[in-house]
Structures are given as structure tokens and as C-alpha cells.
Amino acid sequence: MRPQILTSAAFSLSRFSSTSATSNLAFKSLAAATCPSYKLLFTPSVCQPAYVSSPAQKRFQSNMATNANAFLELVKNRRTYYALNKELTVSKERIQEIVKEAILHTPSSFNSQSNRILVLFGAEHDKLWGFATDILKAIVPADAWEHTAQRMNMFKGAAGTILFFHDQNVVNEYQEKFAIYADKFPTWAAQSDAMIQYVLWTALTAEGLGANLQHYNPLVDEKVAAEWNIPSSWKLNAQLVFGGRAGEAGPKDQKPIEERLKVAGA
Ligand SMILES: Cc1cc2nc3c(=O)[nH]c(=O)nc-3n(C[C@H](O)[C@H](O)[C@H](O)COP(=O)(O)O)c2cc1C
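For every chain, the first residue of its written sequence is number 1, and the numbers climb from 1 along that sequence. Local features are withheld for residues below a pLDDT of 70 in this predicted model, meaning they are given only at 70 or higher, and side-chain atom pairs are given and counted only at 80 or more; totals for whole chains, interfaces and linings count all residues.

A. Geometry of the overall build of the protein chain. Helix and strand content of the protein chain: eight helices and five strands. Working definition: helices are DSSP H or I runs of at least four residues, strands are E runs of at least two. Numbering for both runs from the N terminus. When the helices and strands of the protein chain are listed from N to C terminus, the series reads α-α-β-α-β-α-α-β-α-α-β-α-β. Exposure classes come from backbone-placed C-beta atoms, where a residue is buried if 20 or more other C-beta atoms lie within 10 Å of its own, exposed if 12 or fewer do, and partly exposed in between. For the protein chain, the proportion of its 266 residues judged to be buried stands at 20%. Taking as baseline every contact in the protein chain between residues at least 6 positions apart, the subset at least 24 positions apart corresponds to 77%. Distance between backbone-placed C-beta atoms decides contact: two residues are in contact if it is within 7 Å.

B. How the structure looks around the site of the ligand. Whether a residue is near a molecule or strand depends on its C-beta atom, placed from the backbone, lying within 6 Å of it. In the vicinity of the ligand, the contacting residues are Arg79, Thr80, Asn212, Leu213, Gln214, His215, Ala249 and Lys252. Each residue gets one label: Ala, Val, Leu, Ile, Met, Phe, Trp, Tyr, Cys and Pro are nonpolar, Asp, Glu, Lys and Arg are charged, and the others, such as Gly, are polar. Class assignment for the residues of the shell around the ligand results in two nonpolar, four polar and two charged.

C. The arrangement of the pairing of strand E5 (residues 234-245) in detail. Of all 12 residues that make up E5, nine are buried, and the element is covered over most of its length. Sheet topology note: the strand E1 (residues 84-85)/E5 ladder contains two bridges and is antiparallel. Note on E5: the bridge partner recorded for Asn85 is Gly244. Two strands are said to pair when DSSP picks up at least two bridges between them. As paired elements, strand E4 (residues 210-214) and E5 share five bridges and run antiparallel to each other. In the strand pairing of E5, Gln214 is matched with Gln239.

D. Examining unusual backbone geometry more closely. Residue Pro218 is bonded to the preceding Asn217 through a cis peptide linkage, with omega at 0°. Looking at the secondary structure, you find Pro218 in the loop between E4 and helix H8 (221-227). A positive phi is found at Asn111, a non-glycine position, where the angle reads about 50°. Checked against the element boundaries, Asn111 lands in the loop between helix H3 (92-105) and strand E2 (115-121). Overall, the presence of 7 C-beta atoms within 10 Å leaves Asn111 in the exposed class. Positive phi is not limited to glycine here, since Gln113 has a value of about 55°. Tracing the backbone shows Gln113 in the loop between H3 and E2.

E. Molecular detail of the environment of Lys223. Structurally, Lys223 can be placed in helix H8. Residues Lys223 and Ile135 lie 88 residues apart in sequence; the distance between their C-alpha atoms is 9.5 Å.

F. View of the nonpolar core. In these notes, a nonpolar core means any group of buried Ala, Val, Leu, Ile, Met, Phe, Trp, Tyr and Cys residues linked to one another through C-beta atoms within 7 Å. Among the nonpolar cores identified, the biggest contains 32 residues, and Leu163, Leu200, Leu204, Ala211, Leu240, Val241 and Phe242 are the most heavily contacted of them. Only H3, E2, helix H4 (122-137), strand E3 (160-167), helix H7 (185-206) and E5 provide two or more residues apiece to this core. Ranked by the residues each element gives to this core, the list is headed by E5, at five residues. The residues touching Leu163, leaving out its near neighbours within four places in the chain, are Ile117, Leu118, Val224, Leu236 and Gln239.

G. Here's a closer look at the packing of helix H6 (residues 168-177) against H7. At a minimum axis separation of 9 Å, H6 and H7 run at an interaxial angle of 135°. Between H6 and H7, the angle falls in the class oblique. When you trace H6 past H7, the crossing you get is right-handed. Of the residues in H7, those in contact with Val171, Tyr174 and Gln175 of H6 are Phe185, Pro186 and Ala189. Working convention: axes come from line fits to C-alpha atoms, limited for helices to the stretch in contact. Angles between N-to-C directions cover 0 to 180 degrees. Any angle that falls under 35 degrees is termed roughly parallel, while one over 145 is termed roughly antiparallel, one within 65 to 115 roughly perpendicular, and all others oblique. It is the rotation of the near helix from the far one that decides the hand of a crossing: anticlockwise by less than a right angle makes it left-handed, clockwise makes it right-handed.

H. Main features of H3. The length a helix should cover is 1.5 Å for every residue beyond the first. Look at H3: 20 Å from first C-alpha to last across 14 residues, which is about the 20 Å you get at 1.5 Å a residue. For H3, the full list of buried residues reads Ile95, Ile98 and Ala102. Angularly, the buried residues of H3 cover 60° about the axis, an arc narrow enough to put them on a single face. Exposed and oriented more than 90 degrees from the buried face of H3 are Glu93, Gln96, Glu97, Lys100 and Leu104. Picture the helix axis, draw a direction to every C-beta atom, and the arc is the one those directions span.

Next up, the structure:
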């Protein structure tokens, strides 16, 4: 029995190889027809850029070895900055570029791409915090108002706000498509949203700006939707206030690492 299984496995493997050789050929013809010639590598995977094995790519790969440290420096550098001003030390175009990159490259479950973003600069940012102030004024007890008003002015004093949403239509679509995971998609959408929040918080800090993360949803949801024409399926999750740094990040306690990390098999 055993040798026979081995023989048939070997046969299947060779069949597979010859099938993939055929499909490689088909791939090459397709790639030759569809990929710019200067980008072709003619590997069996995708239309890969020619720089994959070029000296530049090798340099990039060897830099990658040190880039975990560079990345971790950015991770350490990200902090909550409350004292912000309206002086943007990078252009609005640069911020939009960063946001676009974050949208394109932040992962989502099943690549569902449920994240949605609204960026407000200048007067539009002021408007948001004006709405929040008006809404809170109506509900915050008079003796707590001073503190709240100061906080609102602090946010308004920043240069901009990034608002993070997930698209509920996408969540619904994936719940229907993959019913077995239906109860997971809301959590996964929130996790993907948290990832893009973190990417942008870290990236803006890396650019020398300061930022802090706020949650004035659902209080401001209606006003935001009406003012900036937000589709009803977009659900607001968080607001990242950003601007020039007008102060330092506060001290930060750390619980012992041993309470927070387990390793097995090292
Ligand atoms: C999921 C999450 C929610 C947060 N919500 C708020 C918030 O609503 N308001 C606020 O001022 N800070 C908020 N923060 C900021 C945290 O208080 C802050 O990140 C934490 O104290 C650690 O400080 P650091 O950001 O300087 O590292 C939030 C942070 C996270 C990760």
C-alpha cells in the first residue's frame, strides 16, 4: 500500500508541476500582454516589478533588518499630546498623502476595506469642536462646565481632526457573505479601524506633529453627518485631534512587563 501511495503522490506532484508549467506559460503570455515590460520578472506569481532582485531591492531588504528598530522608535515616539496649536509644520497635502497611504495599506478582515475617514482642517475643524461644545453645553452640569469648556477650547486650538468611521454596509455585506463569521465582523471592523487610528497617530507624530485621540461619538454623529454629507452607513468611532506641539507629552506609568507578557518555547 505504502509504496503505491508514494508513487501516486509523486505522480500527482509531477502532474501538478506540469500543470503549473502550463499555467506559468499562460501567466507569462498574460503578463507579457498586461504588464509594462520594464516591470516584468516572469515569475509564476504576479506581474512583479523588475526591482525585486535588483541591487536596490537587496539594499531595501537589508535595510528591513534594521527597520524594525526604526519602526519601534516611531512606536515609542507616539504619545498623547493635548497642548496643540494651529501651526502645521507639514503641509496639508502631506497630511492627506499620509492619510491616503494609511487607508490603502492598513489591513482589514477579508480585505473588506471597511475603514472610512474624514479629515478636517482649519475652519472645518473649528466647526466640529463648536458643535461638540454646543451639544455638551446642553447636557453637562453647570458646575462641571468650566472643565469641559477648557477641554473643548483645547481641541479647537489644534489645527485639524481626523474622524474615523467604519462602513456598516460593508460589515453587513460580509456578514451575509460569510455567515459563519457573522458575529465577528463588527469586532473585526472595529479592530481594523483601531489599526488605522494607530497608523495615523504614529505617522503624524513621526512628522513632528502632536495628536490626541477622542471619542465624542455618538454625541456629534448627527451634526457631523449633516455638515459633511456623511453616508448614513458610516459609523463614527473616534476623532484624532492634531496640530503643532505646544507642550510635552505627560509622564506615563508602565506596569511590570512580566505581568503583561508570556513566552513559550524560546
Ligand atoms: C482605544 C483608546 C481610547 C482612548 N480614548 C481616549 C479619549 O477618549 N480621550 C483621551 O483624552 N485620550 C484617549 N486615549 C489616550 C490614552 O489615554 C493614552 O493613549 C494613554 O494614556 C497612554 O498615553 P500615550 O498615548 O501618551 O502613550 C485613548 C487611547 C486608546 C488606545
